[in-house]
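Architecture at a glance
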Amino acid sequence: MVVDIWTWEQTFQELIQEAKPWAKWTLKLDGNLQLDCLAQGWKQYQQRAFGWFRCSSCQRSWASAQVQILCHTSWEHWTSQGQVRMRLFGQRCQKCSWSQYEMPEFSSDSTMRILSNLVQHILKKYYGNGMRKSPEMPVILEVALEGSHDTANCEACTLGICGQGLKSYMAKPSKSPLSHLKTANSSPGIGAAYIPNQGKDQSAETKEAKGRGYEKLGPSRDPDPLNICVFVLLLVFIIVKCFTSE
């Protein structure tokens, strides 16, 4: 299950030569590859696979269907020679503090799936004319997995390479800065921004405010009892005053 790069390269060349007998390709591991940092003339390919990890401290082992693999490829047309540089991204143990990134191990089936997908990518990018297109082989779980992907201990996630970890950040920005605030026919879900029709609401509020203003400025329909009492007392006082003065 441990990655044997010599065996990988031999299998890789056999798969290439089944389609292109005279093609010469080399496969090398390169732990310094960076996403979107390509030399001139090189192409990039990324896939994920099912792999296994073992902690070098506590010997705990775990499986993951989110093992990220980054490849840079180059091909010289005149010599029909190509190169592949591959980086395998590690994961850390959840149980150990200050644990290091462990490199993945792959079963023979998973290894064949990884190399077959790589070969299909090369055939499509460099030998596209007349080649029959084949779909990429999907990841197949070798054991049942529980829980979600541990993005905190995934090397690819911390570097912004893992598609699972960056799912919410890789969406293309919309042309309109307010497009994410568009309303829908249904009620907005939790966390959704919802802005109603402001024009209609503002006009309704304006009419309501004007109505309240008119009510304040206009005469009161019902007489105030306190005012009646004051008026009666004042009238009685005037009458008494008149009789007293006579």
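Procedures and definitions
Residues numbered from 1 in each chain as written. Predicted model: local features only at pLDDT ≥ 70, side-chain atom pairs only at ≥ 80, totals over all residues. Heavy atoms only, no water. Helix = DSSP H or I, 4+ residues; strand = E, 2+ residues; numbered from the N terminus. Buried < 20%, exposed > 50% of the residue type's maximum accessible area, 1.4 Å probe, protein only. Contact = heavy atoms within 4.5 Å. Areas by Shrake-Rupley, 256 points an atom, 1.4 Å probe, with all protein chains shown as cover. Phe/Tyr/Trp six-rings, centres within 6.5 Å; stacked < 30°, edge-to-face > 60°. Polar contact = N/O pair within 3.5 Å; in protein donor to acceptor, adjacent residues only side chain to side chain. Expected span 1.5 Å × (residues − 1). Arc of directions from axis to C-beta. Pairing = 2+ DSSP bridges. pLDDT = per-residue confidence, 0-100. Axes fitted to C-alpha atoms, helices over the stretch in contact; angles between N-to-C directions. Core = buried A, V, L, I, M, F, W, Y, C linked by side-chain atoms within 4.5 Å.

Focus on the overall build of the protein
For the protein, the helix and strand inventory stands at five helices and four strands. Counting from the amino terminus, helix and strand elements in the protein follow one another as α-β-β-β-β-α-α-α-α. Here the protein holds 246 residues, and 29% of them are scored as buried. Considering only residue pairs separated by 6 or more positions, the protein has 64% of its internal contacts joining residues 24 or more positions apart. Just so you have it, the protein exposes about 17700 Å², and 55% of that area is on carbon and sulfur atoms.

Considering the packing of aromatic side chains
The full count for this structure, using the stated rule, is seven aromatic pairs. Here the aromatic residues Phe12, Trp25, Trp75, Tyr126 and Tyr127 are joined through ring pairs into a cluster of three or more.

Points about the side chain of Gln47
Here Gln47 is to be found in strand β2 (residues 43-54). At a separation of 3.0 Å, a polar atom in the side chain of Gln47 contacts the main-chain carbonyl oxygen of Ile114. A distance of 3.2 Å separates a polar atom in the side chain of Gln47 from a polar atom in the side chain of Asn117.

What to know about helix α1 (residues 5-19)
Taking 1.5 Å per residue, 15 residues should reach 21 Å; α1 reaches 22 Å between its end C-alpha atoms and fits that length. Every buried residue of α1 is accounted for by Trp8, Glu9, Thr11, Phe12, Leu15 and Ile16. For α1, the buried positions fall inside an angular range of 165° around the axis, keeping them on one side. In this structure, α1 carries Trp6 and Glu18 as exposed residues pointing more than 90 degrees from its buried face. Of the surrounding secondary structure, the elements contacted by the buried residues of α1 are β1 (24-29), β4 (81-88) and α2 (108-126).

Description of the side chain of Glu9
Mapping Glu9 onto the fold places it in helix α1. Excluding residues within four positions of it along the chain, Glu9 makes contact with Trp25, Thr26, Leu27 and Lys28.

Examining the pairing of strand β3 (residues 61-76)
Across the 16 residues of β3, 12 count as buried, placing the element largely inside the fold. Looking at chain direction, β2 and β3 are connected through 11 bridges and run antiparallel. Following the sheet pairing, Trp52 is matched in β3 by Ala63. Hairpin remark: β2 followed by β3, antiparallel, with six residues in the connecting loop; positive phi at Gln59, about 65°. With antiparallel pairing between neighbouring strands as the criterion, β3 and β4 make up a hairpin whose turn holds four residues, including Ser80 at a positive phi of roughly 55°.

Notes on the confidence of the model for the protein
When pLDDT is averaged along the protein, the result is 77; 70% of the residues meet or exceed 70. With pLDDT under 50 throughout, residues 165-221 is counted as low confidence; its partners more than four residues away or in other chains account for 13 contacts.

Observations regarding the sheet that holds β3
A sheet is described by the order of its strands in space; here four strands give the open sequence β1-β4-β3-β2, paired in mixed fashion. Bordering the open sheet on either side are β1 and β2, each of which pairs with just one other strand. Here the strands of the sheet are splayed against their neighbours by 25° on average, with no regard to which way each runs. Judged from the eight bridges that link them, β3 and β4 form a sheet pairing that is antiparallel. Bridge assignment links Thr73 to a residue of β4, and that residue is Val84. Sitting on the sheet, α1 touches β1 and β4, and the angle it makes with β1 is about 150°. Against the sheet, α2 engages β1, β2, β3 and β4, with an angle of about 180° to β2.

Quick notes on the nonpolar core
Residues Phe12, Trp25, Leu118 and Ile122 are the most contacted members of the largest nonpolar core, which totals 29 residues. Elements that contribute at least two residues to this core include exactly α1, β1, β2, β3, β4 and α2. When residues in this core are grouped by element, the largest group, seven residues, is from α2. Every residue in contact with Phe12, bar those within four places of it in the chain, is listed here: Trp25, Thr26, Leu27, Val84, Leu115, Leu118, Val119 and Ile122. Core analysis: the second largest hydrophobic core is formed by eight residues, Phe89, Cys154, Cys157 and Ile161 among them.

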